[in-house]
Amino acid sequence: MPEPTRDIAITVNGDAHAVPAGITIGELLVRLGLGGRRVAVERNKAVVPRAEHAATQLADGDHLEVVAFVGGG
């Protein structure tokens, strides 16, 4: 019988979130409605390059800042 997925606690832009253990930054962005958008992500005060979002797993207690770029003129 597979082990049930547990949740971990993270903070995104100052708000607490419970997400499944093993979730990646890319998966989190999809959950937040930001999948496919140009965003900058800082994890624990270190910028995570966009090319690494799909492979970077989050850990319990991580603090993220997510900034979406808005076009205009």
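Residues numbered from 1 in each chain as written. Predicted model: local features only at pLDDT ≥ 70, side-chain atom pairs only at ≥ 80, totals over all residues. Heavy atoms only, no water.

Colleague: Before we go on, may I ask you to explain the overall build of the protein in this structure?
Modeller: Along its length, the protein carries 1 helix and 5 strands. Secondary structure elements of the protein, listed N to C terminal, follow the sequence β-β-α-β-β-β. The buried share among the 73 residues of the protein stands at 27%. In the protein, once contacts between residues fewer than 6 apart in sequence are set aside, the share between residues at least 24 apart is 52%. (Helix = DSSP H or I, 4+ residues; strand = E, 2+ residues; numbered from the N terminus. Buried < 20%, exposed > 50% of the residue type's maximum accessible area, 1.4 Å probe, protein only. Contact = heavy atoms within 4.5 Å.)

Colleague: So what exactly am I meant to see when it comes to the side chain of T24 here?
Modeller: Note that T24 resides in the loop between β2 (15-20) and α1 (25-31). Other than its neighbours up to four places away in sequence, T24 contacts H53, A54, T56, Q57 and L58.

Colleague: For this particular structure, what's the right way to read the sheet that holds strand β4 (residues 46-48)?
Modeller: The strands making up a sheet are joined through hydrogen bonds of the backbone, oriented either antiparallel or parallel. Strand order in the open sheet formed by 5 strands is β2-β1-β5-β3-β4, with mixed pairing between adjacent strands. Of all strands in the sheet, those with a lone pairing partner are β2 and β4, marking the two edges. Taken over all neighbouring pairs, the strand axes of this sheet differ in orientation by 35° on average, direction set aside. Here strand β3 (residues 39-43) runs beside β4; their pairing, made up of 3 bridges, is antiparallel. Counted as the bridge partner of V41 is V48 from β4. (Pairing = 2+ DSSP bridges. Axes fitted to C-alpha atoms, helices over the stretch in contact; angles between N-to-C directions.)

Colleague: I tried to follow unusual backbone geometry on my own but got confused; where do I start?
Modeller: Excluding glycine, residues mostly have negative phi values, and the peptide bonds linking residues are mostly trans. For N13, which is not a glycine, the phi torsion comes out positive at approximately 50°. Topologically, N13 is positioned in the loop between β1 (7-12) and β2.

Colleague: Explanation requested: the nonpolar core in the structure shown.
Modeller: The tendency in soluble globular proteins is for nonpolar side chains to be buried as a group. Counting 15 residues, the largest nonpolar core has I10, L28 and L58 as its most contacted members. Those elements giving two or more residues to this core turn out to be β1, α1, β3 and β5 (63-68). When sequence neighbours within four positions are dropped, the list of residues in contact with I10 reads D15, A16, H17, V19, L28, L58, A59, D62 and L64. (Core = buried A, V, L, I, M, F, W, Y, C linked by side-chain atoms within 4.5 Å.)

Colleague: Where do I start with the pairing of β2 in this structure?
Modeller: A regular strand carries its side chains on alternate faces of the sheet. As paired strands, β1 and β2 are joined by 6 bridges and run antiparallel to one another. Bridging across to β2, T11 finds its partner in A16. The turn joining β1 and β2, which pair antiparallel and follow one another in sequence, is formed by 2 residues; a positive phi near 50° is taken by N13.

Colleague: Looking at this structure, how should I read the environment of Q57?
Modeller: Examined against the element boundaries, Q57 turns out to sit in the loop between β4 and β5. Judged by relative accessible area, which is 49%, Q57 ranks as partly exposed. For the pair Q57 and I23, spaced 34 residues apart in sequence, the C-alpha to C-alpha distance is 5.5 Å. Among all residues touching Q57, those that are not within four sequence positions of it are G22, I23, T24 and R43. Polar contacts involving the side chain of Q57 include one to the main-chain carbonyl oxygen of G22, which spans 3.4 Å. (Polar contact = N/O pair within 3.5 Å; in protein donor to acceptor, adjacent residues only side chain to side chain.)

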